[in-house]
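Residue-level structural notes
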Amino acid sequence: MAEPLAERLRPRTLDDYIGQQHLVGEGAVLRRMIDSGRISSFILWGPPGVGKTTLAHIIANKLDTPFYTLSAVTSGVKDVRDVIEKAQKGRFFNEASPILFIDEIHRFSKSQQDSLLGAVERGIVTLIGATTENPSFEVIRPLLSRCQLYVLKSLEKADLLKLVERAITKDLILKERNIELKETNALLRYSGGDARKLLNILELVVESESGDVVITDELVVARLQQNPLAYDKDGEMHYDIISAFIKSIRGSDPDAALYWMARMIEGGEDPQFIARRMVISASEDIGLANPNALLLANAAFDTVMKIGWPEARIALAECAVYLATSPKSNSAYLGIDAALALVRETGNQPVPLPIRNAPTQLMKELGYHDGYKYPHDYIGHFTEQQYMPDALKDKRLWHGQHNPSEEKLWQRMVNYWGKRYED
């Protein structure tokens, strides 16, 4: 039986590698590291099918160093220690450290990650981790601090088309078929920037046809509807469905939110993944319109951590319905993005002297803290003074939105600051 197309086309060198030019293009950070012959431990973070595992194998081949692989799904602490012991015994003086590649490192428990620390720190192994989850949530801080983090992006349209062209002209099996690529919109749409999914779809469509193959959008849609699970269900479940779930909450549709949550539960989704996305939604989409939403989302996350499936579905459902039926505001989200943009535009503006810290006599003599008005000494615990840098003193970043909760907050700011908040 032939290998799957995605495996047959797996690149063996960086020259054959498609995409991620910000990391492996000429002069890019990973390319320079690989060309130097020495790499430090790092974690690759990106969606499925963008080349994380492939890149790790290419690096190992290029450096000609022992390469060990562990899957976080099937490996325990003992497996980690066994690999570290083999790496330590098999290494010769002055050789590059063996590479330990851990796929889905976000699934490693704290104890499993702890067992890696010493070996990574002493250089017994060079760790390459791959994850589809934000490492700051899933990787323990001591291990994360010992690794560089590189973010891989979904493949662009040009990358995907290049991959399809390579498949139908270079693959030993497909090039024997007379394949015409007449339309590509459906191929690209269903792949969602995932190279593995794209090749799986292409292979499915070609194998479903006899004789010459003319690939059209209609043909792709028809074949995928007949074989709904034939192409990387986990990728589709993980990204497309969670997108529909969050958009249903944002759109205040509790029925749709429950439906997409049920799809994720039935598909075997990690309950922590669902809970974490609701914490984000509570901040981003509900925000100050209902501050209790963030409290409930955090409580749901804690409940999931404590009780797990199947009972956790109830807490998740309660939270989803609450978020979907809550009033919506993204004023805090827009405010922090506006503030970040302002900081990048204006640089390091000096802190006004009255609100600087003055722990030493010299600082006091230089005017630090001089003129500061302690708000609690004034009626209503407020007195007007300048907190923004001089160059930005009249800049507005937060704009209250029109819902009962924020109307009260905005009106208080108008009472305090007058015209500055009259918009």
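Let me sum up the structure you'll find in this document. For every chain, the first residue of the written sequence is number 1, and numbering continues from 1 along that sequence. Whole-chain, interface and lining totals are the exception, using all residues; otherwise, since this is a predicted model, local features are given only for residues with pLDDT of at least 70 and side-chain atom pairs are given and counted only at 80 or more. To obtain the side-chain values, all non-hydrogen atoms of the structure were used and water was disregarded.

What follows deals with the environment of threonine 54. Every helix listed is a DSSP run of H or I at least four residues long, and every strand listed is a run of E at least two residues long, numbered separately from the N terminus. Of note, threonine 54 is situated in helix H4 (residues 52-63). Only protein chains enter the area calculation, which uses a 1.4 Å probe; residues under 20% of their type maximum are buried, those over 50% are exposed, and those in between are partly exposed. In this structure threonine 54 comes out as buried when scored by relative accessible area, which is 9%. Expressed as a C-alpha distance, the spacing of threonine 54 and threonine 13, which sit 41 residues apart in the sequence, is 9.3 Å. Setting aside its immediate chain neighbours within four residues, threonine 54 contacts Arg10, Pro11 and Tyr17. Contacts between residues were defined by any pair of non-hydrogen atoms, one from each residue, lying within 4.5 Å.

Put simply, a patch holds well-exposed residues, over 30% relative accessible area, that have no salt bridge, with like charges counted together within 9 Å and Val, Leu, Ile, Met, Phe, Trp or Tyr side chains within 5 Å. Per-residue accessibility takes into account occlusion by the displayed protein chains alone, with areas from the Shrake-Rupley method and a 1.4 Å probe. Here a salt bridge means any side-chain nitrogen of Lys or Arg lying within 4 Å of a carboxyl oxygen belonging to Asp or Glu. Judged by side-chain polarity, Tyr372, Tyr374 and Tyr387 come together as a nonpolar surface patch covering roughly 290 Å² of accessible area. Residue position: tyrosine 374 is located in the loop between helix H19 (361-365) and helix H20 (404-417). Its relative accessible area of 44% is what places tyrosine 374 among the partly exposed residues.

This next bit is on the nonpolar core. To define a nonpolar core, start from buried Ala, Val, Leu, Ile, Met, Phe, Trp, Tyr and Cys residues and group those joined through side-chain atoms within 4.5 Å. In this structure, Leu202, Ile215 and Val220 are the most contacted members of the largest nonpolar core, which totals 28 residues. Here the element with the most residues in this core is helix H11 (residues 195-207); it accounts for eight residues. Once you skip the residues sitting within four places of it in the chain, valine 220 turns out to touch Ala186, Leu187, Tyr190, Ile201, Val205 and Ile215. Within the second largest apolar cluster, 24 residues are counted, among which are Ile242, Met264, Val279 and Ala320.

Once that is clear, we can look at the sheet that holds strand S5 (residues 148-151). Strands are treated as partners if at least two bridges between them are detected by DSSP. Spatially, the five strands line up as an open sheet ordered S2-S3-S4-S1-S5, and their pairing is parallel. Single-partner strands in this sheet number two, and they are strand S2 (67-71) and S5. The average angle at which neighbouring strand axes cross in this sheet is 20 degrees, direction not considered. Sheet topology note: the strand S3 (residues 99-103)/strand S4 (residues 126-131) ladder contains five bridges and is parallel. Residue isoleucine 102 lies in a different strand from S4, and its bridge partner there is glycine 129. Axis definition: a line fit to C-alpha positions, over the contact stretch in the case of helices; interaxial angles, taken between N-to-C directions, run 0 to 180 degrees.

What follows concerns the pattern of salt bridges. Side-chain pairing between opposite charges can occur once the charged atoms of the two side chains come close. Per the counting criterion, the structure on display carries 13 salt bridges. The partner of glutamate 26 in a salt bridge is arginine 31, with the nearest N and O atoms 3.3 Å apart. With relative accessibility at 69%, the residue glutamate 26 sits in the exposed group. What makes arginine 31 buried here is its relative accessible area of 12%. The closest approach of N and O atoms between arginine 277 and glutamate 133, which form a salt bridge, is 4.0 Å. Of this pair, arginine 277 sits in helix H15 (residues 271-286) while glutamate 133 sits in the loop between S4 and helix H7 (135-138), placing them 144 residues apart in sequence. A relative accessible area of 23% means that arginine 277 is categorised as partly exposed. Linked by salt bridges that have partners in common, Asp15, Glu26, Arg31 and Asp35 make up one network.

Looking now at the side chain of histidine 106. Here histidine 106 lies in the loop between S3 and helix H6 (110-121). Residue class for histidine 106 comes out buried when judged on its relative accessible area of 12%. Polar contact criterion, stated in full: a pair of N or O atoms within 3.5 Å, where within protein one must be able to donate a hydrogen and the other to accept it, and residues adjacent in sequence count only if both atoms are side-chain atoms. A polar side-chain atom of histidine 106 sits 2.9 Å from a polar atom in the side chain of threonine 131. Setting aside residues no more than four positions away along its own chain, histidine 106 makes contact with Thr131, Thr132, Glu133 and Glu138.

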